[in-house]
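# A structural walkthrough
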Amino acid sequence: MKRPKVMVPQKIAQEGIERLEQAGLEVVYSSKPVTDVVTEVPEDCDAILIRTAKLGRQVIEQCPNLRVIARHGIGVDNIDIDAATEKGIYVTNVPRSNVNSVAEHAVGMMISLAHHIVKADKELRKGRFEVRNLFIGTELSGKTLGLIGCGNIGRLVAKKCAAGLDMNVIVYDPYVKEIGMAGVSLVDSIDEILTESDFISLHVPYLPEMHHFINADAFKKMKNSAYLINCARGGLVDEDALYHAIKNGEIAGAGFDVFAAEPAPSEHALWELEQVIVTPHMAAHSAEAMIRMAVGAADEIIAVLNGQEPMHCVNKNNIARV
């Protein structure tokens, strides 16, 4: 009897591969490295376990046996969900697998910016010990953190900053009616976040209507001393406007893990600014989170191929109407 076939285009933690193989599934890999886009998969594959590469309609439609596309992570904007739904293919994710890793990364960026850690590191390596008297940091205690979006990651950032760093945390999220957390309160508008916060951290998905919702007008409303953190999705922030806002002193700086174009270009205006710290979309990449994402995605595939409902399906209701 033919074993169900699972395509894994990009490398995942071995624990995920072992989970699939222990379930009796055949795991197949790409013949050449995949970074940006999945261009080919076996036509007889039953499942695809996808990480960050884009999976489009053409590839989805060439696989008549495909039953589930499991996202290794939270966001599913790299998958053509409409194409999958039209074919009755489940699209799943693992929404809590990398929450702590991303939350820690966002908090780490705040601390690094507030205490000039990256700048001081670069200068000390040049032998400039005297910069200790130039880079005077600011404490996070007592400062206001504004969160735009309060899902799993946002809530954990709020908890770490309110309880652990003694920050005042304000949150804007139209889908959240109450917080129930000491030191954290809801506000009625994004404008309140922009005008009141010393640090602003984004925790919303990318949707077309959210494109560049942090723009030149938004930067003009922020404090000159404020920092912007984006470990959510590229495209939410107008990067050209961000460059000019920092260059003109409208805000103090930024920490970015995500960019409108990924891989980020080797030459980018933001790279010129010492008030900006950047990482290559790696906030979710702790060893622990990588295992949780791989195993969680594998478990969703196993469930579907065994005739069970997946635990976290982003298009389940739409499939039912197809």
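Definitions and cut-offs
Residues numbered from 1 in each chain as written. Predicted model: local features only at pLDDT ≥ 70, side-chain atom pairs only at ≥ 80, totals over all residues. Heavy atoms only, no water. Core = buried A, V, L, I, M, F, W, Y, C linked by side-chain atoms within 4.5 Å. Buried < 20%, exposed > 50% of the residue type's maximum accessible area, 1.4 Å probe, protein only. Helix = DSSP H or I, 4+ residues; strand = E, 2+ residues; numbered from the N terminus. Domains from an automatic or database assignment. Contact = heavy atoms within 4.5 Å. Polar contact = N/O pair within 3.5 Å; in protein donor to acceptor, adjacent residues only side chain to side chain. Axes fitted to C-alpha atoms, helices over the stretch in contact; angles between N-to-C directions. Parallel < 35°, antiparallel > 145°, perpendicular 65-115°, else oblique. Left-handed = near helix turned anticlockwise from the far one by under 90°.

Membership of the largest hydrophobic core comes to 37 residues, with the highest contact counts inside it found for M110, L145, V157, C161, V169 and F199. It is helix α4 (residues 99–114) that contributes the most residues to this core, nine residues altogether. In terms of domain composition, this core takes at least three residues from each of domain 1 (5–97 + 286–306) and domain 2 (98–278). Setting aside residues no more than four positions away along its own chain, V169 makes contact with L145, L147, A158, C161, A162, G183, V184 and S185. Core analysis: the next-biggest nonpolar cluster, separate from the first, contains 30 residues, L202, A218, L242 and Y243 among them.

Next up on the list: helix α9 (residues 239–247). All buried positions along α9 are accounted for by E239, A241, L242, Y243, A245 and I246. Residues of α9 that are buried in the fold lie against α8 (216–221), β10 (227–230), β11 (253–256) and β12 (276–278). Two to three positions downstream of the cap, the backbone nitrogen of D240 sits 3.1 Å from a side-chain oxygen, assigning the N-cap of α9 to D238. Residue G249 follows α9 closely and has a positive phi angle near 75°.

This part is about the side chain of T144. Summarising the element assignment, T144 is placed in strand β6 (residues 144–148). A residue is classified by how much of its surface remains accessible, and T144, at 12% relative accessible area, is buried. Only 3.2 Å separates the side chain of T144 from the side chain of N168, close enough to count as a polar contact. Other than its neighbours up to four places away in sequence, T144 contacts M167, N168, I170, E196, S197, D198 and F199.

Turning our eyes to something else, we now look at the packing of α4 against helix α6 (residues 152–165). α6 packs onto α4 with a crossing angle of 50° between their chain directions and a minimal axis gap of 9 Å. The angle between α4 and α6 places the two elements in the oblique class. Relative to α6, α4 is oriented so that their crossing is right-handed. For the pair α4 and α6, the contacting residues are V99, N100, V102, A103, E104, A106, V107 and M110 in the first and N152, I153, L156, V157, K160, C161 and L165 in the second.

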